[in-house]
Amino acid sequence: MNEQIIAPHWLANIAPKAAPALATSTVLILARIWNANGAEHSIGNAVLMTALSLAAAAAGVCASIGRAGDSVIAGTAFAASGGLAFAAVAGYAGGLSLPLLLWVLATAIAYGLAARYWRTDRRERIAHERQTSARHEEHAHIERVEAMRTGAQIEVARTGAAYAEQLAQALITRAALPGFDFKALEAAGLPELPSSSTSKEH
């Protein structure tokens, strides 16, 4: 069984690894642009971002302890809460030291959380590849056994046909020799020749 092999583009391999850094960097850049447009030391903006961050965190808590316990929704809500808090500090702060420090911490935490999912995904992918390889080996083994069995049957049939042809040729040749005695063959218990051969001799 031949399967189409598709080589993934190098961007498809790099994009998941770079996603956490791109996300935190985007938040930092947008927060600093917001800071340059009047968010610095703005109490109203800080209160708004804080309220949004707390609301996102509360949504994450509700999703994690709810009846369904949806980890995807909870993780998304907590990530949004952290991103809003980071954007609030980066937009409110006057200098770059604190925003950069928070950016490093947020990026490290994002990579730490993403590493768990990457390990799980890698284990599942390896298990799937092993199962696929085992199935291919099993199918290949069955095909080899069937090919050997079919080849043996063909060889036996070919050998039997060749033996029958040689026996028939030997009997015809022997019957054509002078002094051939059919009665002696019958007395010895050998098979009787076809009637066409006997009629030819008589």
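Above this text is the structure in question.
Residues numbered from 1 in each chain as written. Predicted model: local features only at pLDDT ≥ 70, side-chain atom pairs only at ≥ 80, totals over all residues. Heavy atoms only, no water.

Peer 1: Which parts of the structure should I look at to understand the overall build of the chain?
Peer 2: Per the secondary structure count, the chain includes six helices and zero strands. Secondary structure elements in the chain, listed N-terminal to C-terminal, are α-α-α-α-α-α. Of all 202 residues assigned to the chain, the portion counted as buried reaches 17%. Taking the contacts inside the chain whose residues are at least 6 apart along the sequence as the reference set, 65% of them involve residues at least 24 apart. For the chain, the accessible area works out to roughly 14900 Å², and carbon and sulfur atoms hold 66% of it. (Helix = DSSP H or I, 4+ residues; strand = E, 2+ residues; numbered from the N terminus. Buried < 20%, exposed > 50% of the residue type's maximum accessible area, 1.4 Å probe, protein only. Contact = heavy atoms within 4.5 Å. Areas by Shrake-Rupley, 256 points an atom, 1.4 Å probe, with all protein chains shown as cover.)

Peer 1: How should I be thinking about the pattern of salt bridges in this particular structure?
Peer 2: Proximity of charged atoms lets side chains of opposite charge pair with each other. Counted by the stated rule, this structure contains three salt bridges. Taking the shortest distance from any N to any O, the salt bridge between Glu-146 and Arg-149 comes out at 2.7 Å. Here Arg-149 and Glu-146 lie together in helix α4 (residues 97–176), a separation of three residues that amounts to about one turn. According to the relative accessible area criterion, Arg-149 is partly exposed, its value standing at 42%. Two residues, Arg-158 and Glu-155, come together in a salt bridge whose shortest N-O distance is 2.8 Å. Residue Arg-158 and its partner Glu-155 are both found in helix α4; the two are separated by three residues, about one turn of the helix. (Salt bridge = Lys/Arg side-chain N within 4 Å of Asp/Glu carboxyl O.)

Peer 1: What should I look at first to understand the nonpolar core in this one?
Peer 2: The nonpolar side chains of soluble globular proteins are, as a tendency, buried together. One finds Leu-28, Ala-31, Met-49, Phe-86, Ala-87, Ala-88 and Ala-90 forming the largest nonpolar core, which totals seven residues. When residues of this core are traced back to their parent elements, those giving at least two are α1 (10–39) and α3 (71–92). By residue number, the principal contributor to this core is α3, which donates four residues. What Ala-90 contacts, discounting residues up to four positions off in sequence, is Leu-28, Ala-31, Arg-32, Asn-35 and Pro-99. (Core = buried A, V, L, I, M, F, W, Y, C linked by side-chain atoms within 4.5 Å.)

Peer 1: Just checking my understanding: could you explain a nonpolar patch on the surface for this structure?
Peer 2: A surface patch of nonpolar side chains, about 300 Å² in accessible area, is lined by Ile-29, Leu-30 and Ile-33. Within the element layout of this structure, Ile-33 appears in helix α1. Relative accessible area serves as the criterion here: at 45%, Ile-33 is assigned to the partly exposed category. (Patch = residues over 30% accessible without salt bridge, like charges linked within 9 Å, V, L, I, M, F, W, Y side chains within 5 Å.)

Peer 1: How should I be thinking about the packing of α3 against α4 in this particular structure?
Peer 2: The N-to-C vectors of α3 and α4 enclose an angle of 160 degrees; their axes lie 8 Å apart at closest approach. Comparing their axes, α4 and α3 come out roughly antiparallel. Handedness of the crossing formed by α3 with α4: left-handed. For the pair α3 and α4, contact is made by Phe-86, Val-89 and Ala-90 and by Leu-98, Pro-99, Leu-102 and Trp-103, respectively. Residues that form the contact of α3 with α4 fall into these classes: seven nonpolar, no polar and no charged. (Axes fitted to C-alpha atoms, helices over the stretch in contact; angles between N-to-C directions. Parallel < 35°, antiparallel > 145°, perpendicular 65-115°, else oblique. Left-handed = near helix turned anticlockwise from the far one by under 90°. Nonpolar A, V, L, I, M, F, W, Y, C, P; charged D, E, K, R; others polar.)

Peer 1: Could you clarify how one ought to interpret a positive patch on the surface in this entry?
Peer 2: A surface patch of positive charge is lined by Lys-17, Arg-116, Arg-119, Arg-122 and Arg-123. With four residues, α4 is the single largest residue contributor to the positive patch. (Lys, Arg positive; Asp, Glu negative; His and termini not counted. Charge placed at Lys NZ, Arg CZ, Asp CG, Glu CD.)

Peer 1: What should I look at first to understand the environment of Ala-39 in this one?
Peer 2: Tracing the backbone through its elements, the reader meets Ala-39 in helix α1. Classification of Ala-39 as buried rests on a relative accessible area of 2%. For the pair formed by Ala-39 and Ala-90, sequence separation is 51 residues and the distance between their alpha carbons is 9.6 Å.

Peer 1: I'm lost on α4 in this one. Help?
Peer 2: Think of an α-helix as 3.6 residues a turn; residues three or four steps apart then line up on the same face. Given a rise of 1.5 Å per residue, 80 residues ought to cover 118 Å, and the 115 Å separating the end C-alpha atoms of α4 matches this to within 8%. Listing the buried residues of α4 in full gives Pro-99, Thr-107, Ala-114, Thr-132 and Ala-175. (Expected span 1.5 Å × (residues − 1).)

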